[in-house]
Amino acid sequence: MSLKSSPYYKALTEPILGNNPINIQMLGICSALAVTVQLNTAIVMGLSMTFVTAFSSLIVSSMRHHIPRNIRIIVELFVISSLVILTDQVLKAFLYDISKQLSVFVGLIITNCAVMGRAETYALGNPPGLSFCDGLGNGLGYSLVLVGVAFIRELFGSGSLFGLQIIPDALYQAGYSDMGFMLLAPAAFIIIGLFVWFQKAVLQKDEGIK
């Protein structure tokens, strides 16, 4: 069996582009609007989301034969909230400044539809290895969109990347000015909309032609 035909490869890679949780599933958009003003916060949020999604899917899948169906949501929330609390504490211990910038949004991973959606629709019906790959892929797909949006917003909104000035002073002296609109949530909404259009109208159209 080739690598590309492996179910683990498909579970890992399909959510990154083909069935992206933001661009295709339309999940987790609220946090994507709020944490993409700077690249560093977007990357940390993406890594946090990836950790929670991957390991909550792994744990829920490992317990799926022992979870009574009528309390499965409570168990899933318990697993997800435990991982989110762990992530929040690690960020406060090692990345305190970024954890303050992310504010409540790390805590709100508990309510992120993408995390609960993968636990409910995939992890409960598939073995742990596949569920871990699916959760990891969905987290990476979510992170990819966040980083793309943050790159555009920080570069054109502040003229910097990772807090370092990229736009040269000469350009400012020639009349260039940062686009303040990029620092507002509506700009993120528009950029995500363009990503959705690009994926559905261009990438998926090309795949259909093939």
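Residues numbered from 1 in each chain as written. Predicted model: local features only at pLDDT ≥ 70, side-chain atom pairs only at ≥ 80, totals over all residues. Heavy atoms only, no water.

Under an unreviewed UniProt entry, the name given to the protein is Na(+)-translocating NADH-quinone reductase subunit D, and the source organism is Desulfobotulus mexicanus. Listed under Subunit (unreviewed entry) in UniProt, the entry text for the protein is "Composed of six subunits; NqrA, NqrB, NqrC, NqrD, NqrE and NqrF." (UniProt positions renumbered as here; feature names shortened; annotations may be inferred.)

J.: Hey, could you go over the pattern of salt bridges for me, with residue numbers and the actual values?
T.: Applying the stated rule across the entire model yields 3 salt bridges. The salt bridge involving Asp88 is made with Lys92; its shortest N-O contact spans 3.4 Å. Here Lys92 and Asp88 lie together in helix α4 (residues 72–94), a separation of 4 residues that amounts to about one turn. Overall, Lys92 belongs to the partly exposed group, its relative accessible area being 42%. With its nearest N and O atoms 2.9 Å apart, the salt bridge here joins Asp134 to Arg118. With a gap of 16 residues between them, Asp134 in helix α7 (residues 128–158) and Arg118 in helix α6 (residues 113–121) connect regions that are remote in the sequence. Residue Asp134 is classed as buried on the basis of its relative accessible area of 4%. Under the relative-accessibility criterion, Arg118 is labelled buried at 12%. (Salt bridge = Lys/Arg side-chain N within 4 Å of Asp/Glu carboxyl O. Helix = DSSP H or I, 4+ residues; strand = E, 2+ residues; numbered from the N terminus. Buried < 20%, exposed > 50% of the residue type's maximum accessible area, 1.4 Å probe, protein only.)

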